[in-house]
Amino acid sequence: MSAVIEVEDLRKTFKRARRAPHTAVDGLSLTVPEGGVFGFLGPNGSGKTTTIRLLLGLVHANGGTMSVLGHPVPQALPDVLPGVGALVETPIFFPAFSGRRNLELLAGVAGVPKSRIDEVLELVGLADRARDRVKGYSLGMRQRLGIAAALLKKPRLLILDEPSNGLDPAGIREMREFIRRLGSSGEVTVFLSSHLLGEVQQVCDRVAIITRGRLVMAGTVAEVLAEGSTGNDVRVRVADLPGADAVLRAAGLEVDPGGDHFVVRGVDDPAQVTRLLADRGHYVRELTPIAADLETVFLQLTGEPVEQPAPVPAQWTGVAK
C-alpha cells in the first residue's frame, strides 16, 4: 500500500517574545497509507494543527523531512497542491453570495470546469440549497460547503482539521456519515484531525495518537484498541451493591466500585460471577464485558484528559492553487 503522507523526524519550534521558544512538533515520524480515513488524534497543544500547516507549506519546519503524494514538501508544493483538498482555520466564503456562486469563484481560480460544481454540491448534500445565500446557511451547511470547495479539484488527499467543532449532535452525526462515505468511496484518502474520539472510532480505518509533538501510537483501530485491552473485565449491576461486592471479594475476585455498579477485574468466565451472586441471593441486573475504546487508550497513552468540543464555530479554509 502506497503512502499519501510520510513524515520523518519533523520538528517545529516557535520563537516567543520574552519567553522560551515553544516546540510544537518534536521529532514526529508518521506514515499515512493511501485509502480510507486516517485519524490524527491528540489533546490541545499536541501539535496536530501545526503538523497540518507544515504539510501544506503554511509554516516552515526547523528540521525533518515530509512528502505528500510522493513529492517532497515544501520543495514540490506546486506539484502537490492540485491533488490536495484542505479545510483548516478561517472560511473563505462571501456571505452575500450563494453557495453555488462561491464555488464558481473558487473553481475559476483553480481552473476547474463548472460541471464539477454540480457534482460536489450533490456529493455534500447541498444541491437543493445551492442558490441560497451563504449567510443563511447553518454551521453544518457551511462546513459541507467548505468540503465541497476542497473537493472541487478531485483531490487524492483530503485534510480535515476538527470538522465537527461547534456542531450539535445531529450535525456531528451528519458529518460522521459524510466522512465515512468519502472514505469508503475509494477515490480519496481522508486525513482527519479530531479530538472527538468516539466519532473517530466510528469512521477511521487507522489512527495515530500524538502528544507534545511526538507520536505515541499508530496502527489500525483494532490494533490501537488492543493496546487498551481491559483484560476480561465486566461491569455488574445488582440491587444490593455492598452485599454483592462482599460476596465476590470473599471468592477472591478483584472488585472496583463505580457508583451505580462495580467492575470485576480479570473474569475468565462471566458465568462464575452470576453463579456466585445467585447462590447468595443476589440477582444480576446487568453483566457487560468492558471493551476498550479510543478514550481509554488515549488516557493510557497520553495521560491527558479527553477534550470536549468547544462551543465556537469551526474554522475552515480551502487550499485552491
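For the structure itself, consult the block above.
Presented here is a report on the structure given in the accompanying data block. (Residues numbered from 1 in each chain as written. Predicted model: local features only at pLDDT ≥ 70, side-chain atom pairs only at ≥ 80, totals over all residues. Heavy atoms only, no water.)

**Remarks on the sheet that holds strand S2 (residues 19-33)**
The antiparallel open sheet is built from four strands, whose spatial order is S2-S1-S4-S5. Bordering the open sheet on either side are S2 and strand S5 (71-73), each of which pairs with just one other strand. Each adjacent strand pair in this sheet contributes to an overall mean axis angle of 30°, direction not counted. Set on the sheet, helix H1 (residues 48-55) makes contact with strand S1 (3-16), S2, strand S4 (63-68) and S5; between it and S1 the angle comes to about 110°. (Pairing = 2+ DSSP bridges. Helix = DSSP H or I, 4+ residues; strand = E, 2+ residues; numbered from the N terminus. Axes fitted to C-alpha atoms, helices over the stretch in contact; angles between N-to-C directions. Contact = heavy atoms within 4.5 Å.)

**Notes on helix H11 (residues 294-302)**
Among all positions of H11, only Leu-294, Val-297, Phe-298 and Thr-302 are buried. End-on view of H11: buried residues confined to an arc of 105°, all on one side of the axis. Check the buried side of H11 and you find it contacts strand S3 (37-41), helix H7 (197-203), strand S9 (206-211), strand S10 (214-220) and helix H8 (221-227). (Buried < 20%, exposed > 50% of the residue type's maximum accessible area, 1.4 Å probe, protein only. Arc of directions from axis to C-beta.)

**Considering the sheet that holds S9**
Spatial strand order, S6-S7-S8-S3-S9-S10: six strands in an open sheet with mixed pairing. The open sheet has two free edges, formed respectively by strand S6 (84-87) and S10, since each of these has just one partner strand. Taken pair by pair, the neighbouring strands of this sheet meet at an average axis angle of 15°, ignoring direction. Across five bridges, the pairing between strand S7 (residues 157-161) and strand S8 (residues 189-194) is parallel. Paired with Leu-158 across the strands is Val-190, a residue of S8. Each of S3, S7, S8 and S9 touches H1; the most contacted strand, S8, lies at about 145° to it.

**Concerning the nonpolar core**
Of all hydrophobic cores here, the largest spans 49 residues; its most connected members are Leu-103, Ile-147 and Leu-192. With seven residues, helix H5 (residues 139-151) is the largest single contributor of residues to this core. For Ile-147, the residues in contact, after removing those within four places along its chain, are Leu-87, Val-124, Leu-158, Leu-160, Met-175, Phe-178 and Leu-182. (Core = buried A, V, L, I, M, F, W, Y, C linked by side-chain atoms within 4.5 Å.)

**Examining helix H3 (residues 99-110)**
Here H3 contains twelve residues, and its C-alpha end-to-end distance of 17 Å stays within 8% of the 16 Å for a straight helix at 1.5 Å per residue. Buried within H3 we find Gly-99, Arg-100, Asn-102, Leu-103, Leu-106 and Ala-107. Viewed end-on, H3 has its buried residues packed into an arc of 155°, placing them on one side of the element. Along H3, the residues that are exposed and aim more than 90 degrees away from the buried face are Gly-108 and Val-109. Residues of H3 that are buried make contact with helix H4 (115-123) and H5. Where H3 terminates, the next one or two residues include Gly-111, which has phi positive at roughly 70°. (Expected span 1.5 Å × (residues − 1).)

**Notes on the packing of aromatic side chains**
Considering all chains together, one arrives at three aromatic pairs under this definition. A centroid spacing of 5.8 Å and a plane angle of 20° characterise the contact between Phe-38 and Phe-191, whose relative ring orientation is stacked. Here the residue Phe-38 occupies a position in strand S3, and Phe-191 occupies one in strand S8, the gap between them amounting to 153 residues. Phe-191 shares its class with Phe-38; the two are buried. Look at Phe-40 and Phe-191: their rings are 5.1 Å apart centre to centre, the planes differ by 35°, and that puts the pair in the tilted class. Here Phe-40 is found in strand S3, whereas its partner Phe-191 is found in strand S8, with 151 residues between them in sequence. (Phe/Tyr/Trp six-rings, centres within 6.5 Å; stacked < 30°, edge-to-face > 60°.)

**What to know about the pattern of salt bridges**
Evaluation of the coordinates by the stated rule reveals 16 salt bridges. Close ionic contact of Arg-100 with Asp-118 constitutes a salt bridge, the shortest N to O distance being 2.7 Å. With Arg-100 in helix H3 and Asp-118 in helix H4, this pair connects stretches of sequence that are 18 residues apart. Residue Arg-100 is classed as buried on the basis of its relative accessible area, which comes to 16%. The partner of Arg-144 in a salt bridge is Glu-174, with the nearest N and O atoms 3.2 Å apart. With Arg-144 in helix H5 and Glu-174 in helix H6 (residues 169-184), the pair connects residues that are 30 residues apart, well separated along the chain. Linked by salt bridges that have partners in common, Asp-9, Arg-11, Asp-26 and Arg-214 make up one network. (Salt bridge = Lys/Arg side-chain N within 4 Å of Asp/Glu carboxyl O.)

**Describing the packing of H3 against H4**
Two measures define how a pair of helices packs: the angle their axes make with one another and the distance between the axes. Running from amino to carboxyl end, H3 crosses H4 at an angle of 130°, the nearest separation of the two axes being 10 Å. Considered as vectors, H3 and H4 are oriented oblique to each other. At the point where H3 passes H4, the crossing takes the right-handed sense. Between H3, through Arg-100, Leu-103, Glu-104 and Ala-107, and H4, the contact on the second element is made entirely by Ile-117, Asp-118, Val-120 and Leu-121. Each residue belonging to the contact of H3 with H4 can be placed in one class, and the counts come to five nonpolar, no polar and three charged. (Parallel < 35°, antiparallel > 145°, perpendicular 65-115°, else oblique. Left-handed = near helix turned anticlockwise from the far one by under 90°. Nonpolar A, V, L, I, M, F, W, Y, C, P; charged D, E, K, R; others polar.)

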